[in-house]
Amino acid sequence: MNIENIILEAEKNLSEQFREIDERTIRNSKKVLEAFHRNKIGEAHFSSTTGYGYNDIGRDKIEEIFRDVLGAESALVRNQFISGSHALTVAFFAFLRPDDEFLCITGEPYDTLKEVIGIKENESSLKSYNINYDQVDLIEDDFDVEEILSRIKNKNYKLIHIQRSRGYSKRASITIDKLERVVKEIRRVDEDVIIMVDNCYCELVEDKSPLEVGADIIVGSLIKNLGGGIAPNGAYIAGKKCLVDLAGERLTLPGEGREVGPSLGVNSEFLRGIYMAPSVVGSSLKISVLVSYVLDKMGYEVSPKFDEKRADIVSMITFHNRDTLIKFVQGIQKGSAIDSNALPMPTEMPGYEDDIIMASGSFIQGSSIEISCDGPLREPYIAYLQGGLTYEYGKLALISALREIIDDSER
């Protein structure tokens, strides 16, 4: 089987999908560039602070750029956030109080939030503070609006949580159109409930952000889309100013809030990261479309299909075979720039219930906007592939992974 010929045929048949991605990339690039112009970014904003981080003009300008790009009233963009899950945790503890209840309307959330919420026991969880969790599952990859409204009418929820990306589940990711419809329905019966969206992997994939269709607050990681493969760590919380200010006081301390937090040399990298983000996300989407097309032609289950509307940069490939999953992930590692000689093996990871196999040959540890692929070692043995700083490097990683599974099947 000639892998290069398979890729060439795929590229010929994907010209329409690639054209649409290019058009969105230029629209998002224009949006980012206008935010730089509007906020008069200059070399002085590359400087940073240490210690308490008072009067960090670069940090403040970065937050204004994120505010404008995301359509927010305000944004908190900090290297003190360890991950997207950490930023979500800060938001939960900022907005919820003992005896409050909150509702997740996209089913059970991502594995790393289970101990945060208390689905899996932990003495530091929201549950341990008597903050109660409830959930409504999706029906056929869409919101169960009737059940959601019934719950809201019968309980006084403080917050509704929506996870757009699929995590380690088989359900589809949530498009802006679906999000907009459910937000309108929720507002018909409750104008005050906080609608919070986990926006990881979804930024710049569509033309609007969740804030522009009625969400109150969104959260995401900078070692995913908006870091552009350049930001070395960090995350953001953006939305209504009153809520972002609360999150700032939870991240640091009451009374000082967003006024403190040294940038420690990352301002230039954060600025370059969001500047490059539209192009990097565009490359990631092209890789995702290519992966879906090729693996589907080879007989594997993929989601989304190459011609389906996408909400994030993630491709899901179902192998139904433990060894094939492992080989594919190992092939992605071999096609990566960093630690290509390393052989990923399934192992326990903090925050996950199953052994995980993960390829991440990245310059930044755990960066999933660089080419990465991972999955839990459980039936039906699914790989989740995302990222790619350039289309060319992503294509080479895919070729490497295909060689592994084809050579294994021909032995």
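All of the points below concern the structure found in this document.

Sheet architecture is open: five strands sit in the order S8-S9-S12-S11-S10, paired in antiparallel fashion. Among the strands making up the open sheet, the edge pair consists of strand S8 (301-303) and strand S10 (356-359). Averaged over all pairs of adjacent strands, the angle between their axes in this sheet comes to 20 degrees, without regard to strand direction. Pairing geometry for S10 and strand S11 (residues 372-376), over four bridges, is antiparallel. Bridge pairing in S11 links Ala359 to Cys373. Contacting S8, strand S9 (315-318) and strand S12 (382-386), helix H9 (residues 267-297) runs over the sheet at an angle of about 20 degrees to S9. The strands that helix H10 (residues 322-334) touches are S9, S10, S11 and S12; relative to S10, the one it contacts most, it runs at about 25 degrees.

Glancing now at the packing of aromatic side chains. For any pair of aromatic rings, geometry is given as the distance between the ring centres together with the angle between the planes. Per the counting criterion, the structure on display carries 12 aromatic pairs. On the numbers, 5.6 Å between centres and 40 degrees between planes, the contact of Tyr52 with Tyr54 is tilted. For Tyr52, a relative accessible area of 62% translates into the label exposed. Take Tyr54: its relative accessible area is 42%, and that puts it in the partly exposed class. On the numbers, 5.6 Å between centres and 80 degrees between planes, the contact of Phe93 with Tyr129 is edge-to-face. You can see Phe93 sitting in helix H4 (residues 84-95) and its partner Tyr129 sitting in the loop between helix H5 (114-117) and strand S3 (132-135), a full 36 residues away along the chain.

As a further point, take the nonpolar core. With 98 residues, the main nonpolar core has Phe66, Leu295 and Phe328 as its most contacted residues. A per-element tally of this core places H9 first, with 14 residues. The contact partners of Phe66, leaving out residues within four places of it in the chain, are Ala75, Val77, Leu222, Leu226, Tyr236 and Ile274.

Here is what the cut-offs are and how they apply
Residues numbered from 1 in each chain as written. Predicted model: local features only at pLDDT ≥ 70, side-chain atom pairs only at ≥ 80, totals over all residues. Heavy atoms only, no water. Pairing = 2+ DSSP bridges. Helix = DSSP H or I, 4+ residues; strand = E, 2+ residues; numbered from the N terminus. Axes fitted to C-alpha atoms, helices over the stretch in contact; angles between N-to-C directions. Contact = heavy atoms within 4.5 Å. Phe/Tyr/Trp six-rings, centres within 6.5 Å; stacked < 30°, edge-to-face > 60°. Buried < 20%, exposed > 50% of the residue type's maximum accessible area, 1.4 Å probe, protein only. Core = buried A, V, L, I, M, F, W, Y, C linked by side-chain atoms within 4.5 Å.

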